[in-house]
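# Summary of structural features
Below, each chain spelled out in residue letters.
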Amino acid sequence: MPAGSPLAGAGAVVTGAGNGIGRALARRLAAEGARVVVNDLDAAAATAVAAEIGGHAVPGDCASDAGVAALVEQARAALGRIDIFCANAGIDTAAEAGPDTLQAPDAVWERMLEVNVMAHVRAARALVPDWLADGRGGRFVVTASAAGLLTMIGSAPYSVTKHAAVGFAEWLSVTYGDRGVTVQAICPQGVQTRMLEQSGDLAQLLSRDSALTPEAVAQAWVDSLSDDRFLVLPHPEVAGYYAARAADTDRWLAGMRRLQAKVDAGADR
């Protein structure tokens, strides 16, 4: 392990760790000397990653009340204490409703809200009181998306739920940041995962500033530990986009509408 790693010996949980960014985070945590619980709905994937890194597989649903309670209980049994919780699991199922995601049925919205937002809320409910009570604090890391800062063309439920994920993380930081709870939000653009592969015509747009490997995203998070910054931006250019959006929102929206028109034109070909 790297000498003097701040992660050495820490007890960490990573949700959605069977593939993609979650797997990369779990691998990197283990390489840095952390003891890792690997969670994923895909039990075989969770077990494989845990075996690879010498971690503990706790497969299951990380979104429901019962699923979160079971995950936290089993993780504590395996680790003794959860020092880091990487709330990484996320989904985008709006495409199942067709190209016009405004018409996505309530069931799609509800499932995405459960996984992309309420999973974080429920995990924080379970973890923060103990972090405060023992005075040792903890680290809560949300894998959100640049879509949660800038809005994503295409999927309304994904964009809205990722905004909500960032908003909840901000609230956690404001409320508990001076009481020992470090909160971070990882907000990449395109990443070489199954979600990007399945994004169809949007894949090129999401990769306009290059699609990073999951390992590069994990590296960006490890780099952020030097100053515990809230926003972890694996694509540094997102900071400029975010500033431009805040400085002149109407200009930003006009530019996004132009991008939407290009996407629409491509879809019509």
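Please refer to the structure higher up on the page.
These notes cover the structure that comes with them. (Residues numbered from 1 in each chain as written. Predicted model: local features only at pLDDT ≥ 70, side-chain atom pairs only at ≥ 80, totals over all residues. Heavy atoms only, no water.)

The tendency in soluble globular proteins is for nonpolar side chains to be buried side by side. Ranked by internal contacts, the top residues of the largest apolar core, which has 41 residues, are V13, F85, L127 and F140. For this core, the elements supplying multiple residues, two or more each, are α3 (65–79), β4 (84–87), α4 (106–133), β5 (138–143), α5 (147–150), α6 (156–176), β6 (181–186) and α11 (249–268). Non-local contacts of V13, meaning those with residues more than four positions away in its chain, are made with V37, L71, A75, L79, I82, I84, F85 and C86. By size, the runner-up hydrophobic cluster in this structure holds 29 residues, among which are A24, L25, A218 and W221. (Core = buried A, V, L, I, M, F, W, Y, C linked by side-chain atoms within 4.5 Å. Buried < 20%, exposed > 50% of the residue type's maximum accessible area, 1.4 Å probe, protein only. Helix = DSSP H or I, 4+ residues; strand = E, 2+ residues; numbered from the N terminus. Contact = heavy atoms within 4.5 Å.)

Turning our eyes to something else, we now look at the pairing of β6. In terms of residue burial, β6 counts as a mostly covered element, since five of its six residues are buried. Summarising the sheet, β5 and β6 pair through six bridges and their orientation is parallel. Note on β6: the bridge partner recorded for G138 is V181. By the bridge criterion, two bridges tie β6 to strand β7 (residues 231–232) in an arrangement that is parallel. Considered in β7, the bridge of I186 is made with V232. (Pairing = 2+ DSSP bridges.)

On the secondary structure map, S155 appears in the loop between α5 and α6. Overall, S155 belongs to the buried group, its relative accessible area being 5%. Reaching out from S155, the side chain makes a polar contact with the side chain of D92 at a distance of 3.0 Å. A polar contact is formed between the side chain of S155 and the backbone nitrogen of Y158, at a distance of 3.2 Å. (Polar contact = N/O pair within 3.5 Å; in protein donor to acceptor, adjacent residues only side chain to side chain.)

Next up on the list: the environment of T161. Inspection of the secondary structure assignment puts T161 in helix α6. Residue classification places T161 among the buried positions, given a relative accessible area of 0%. Residues T161 and A144, 17 residues apart in the sequence, show an inter-C-alpha distance of 9.0 Å. Dropping the residues within four chain positions of it, T161 is found in contact with M112, L113, N116 and V117. A polar contact is formed between the side chain of T161 and the backbone oxygen of P157, at a distance of 2.7 Å. In terms of polar contacts, T161 uses its side chain to reach the backbone carbonyl oxygen of Y158, at 3.1 Å.

For R139, the location among the structural elements is in strand β5. Only 3.0 Å separates the side chain of R139 from the side chain of D228, close enough to count as a polar contact. With residues near it in sequence (within four places) discarded, R139 still touches D83, I84, F85, W131, T182, Q184, W221, L225 and D228.

This structure, assessed with the given rule, holds zero disulfides. C62 carries a free sulfur, and the closest cysteine sulfur to it, the one in C86, is 12 Å from it. The thiol of C187 is not disulfide-bonded; the next cysteine sulfur, from C86, is found 14 Å away. Given the relative accessible area of 0%, C187 is considered buried. (Disulfide = S-S within 2.5 Å.)

The seven strands are arranged β3-β2-β1-β4-β5-β6-β7 in an open sheet whose pairing can be described as parallel. The open sheet has two edge strands, β3 (56–57) and β7, and neither has a second partner. Sheet contacts for α4: β4, β5 and β6; angle to β5, the most-contacted strand, approximately 165 degrees. (Axes fitted to C-alpha atoms, helices over the stretch in contact; angles between N-to-C directions.)

This part covers the packing of α3 against α4. Relative orientation of the contacting elements α3 and α4 amounts to 40 degrees, with a least axis distance of 9 Å. On the basis of the axis angle, α3 is oblique to α4. Of the two possible hands of crossing, α3 and α4 adopt the one that is right-handed. Where α3 abuts α4, its residues D65, V68, V72 and R76 lie against A119, R122, A123, R125, A126, L127 and D130. Of the residues in the contact of α3 with α4, the class split is six nonpolar, no polar and five charged. (Parallel < 35°, antiparallel > 145°, perpendicular 65-115°, else oblique. Left-handed = near helix turned anticlockwise from the far one by under 90°. Nonpolar A, V, L, I, M, F, W, Y, C, P; charged D, E, K, R; others polar.)

The next subject is the environment of A156. One can find A156 in helix α6. Classification of A156 by relative accessible area gives partly exposed; the value is 25%. Here the alpha-carbon distance between A156 and H235, two residues 79 residues apart in the chain, equals 22 Å. When residues no more than four places from it in sequence are discounted, the contact partners of A156 are T101 and W109.

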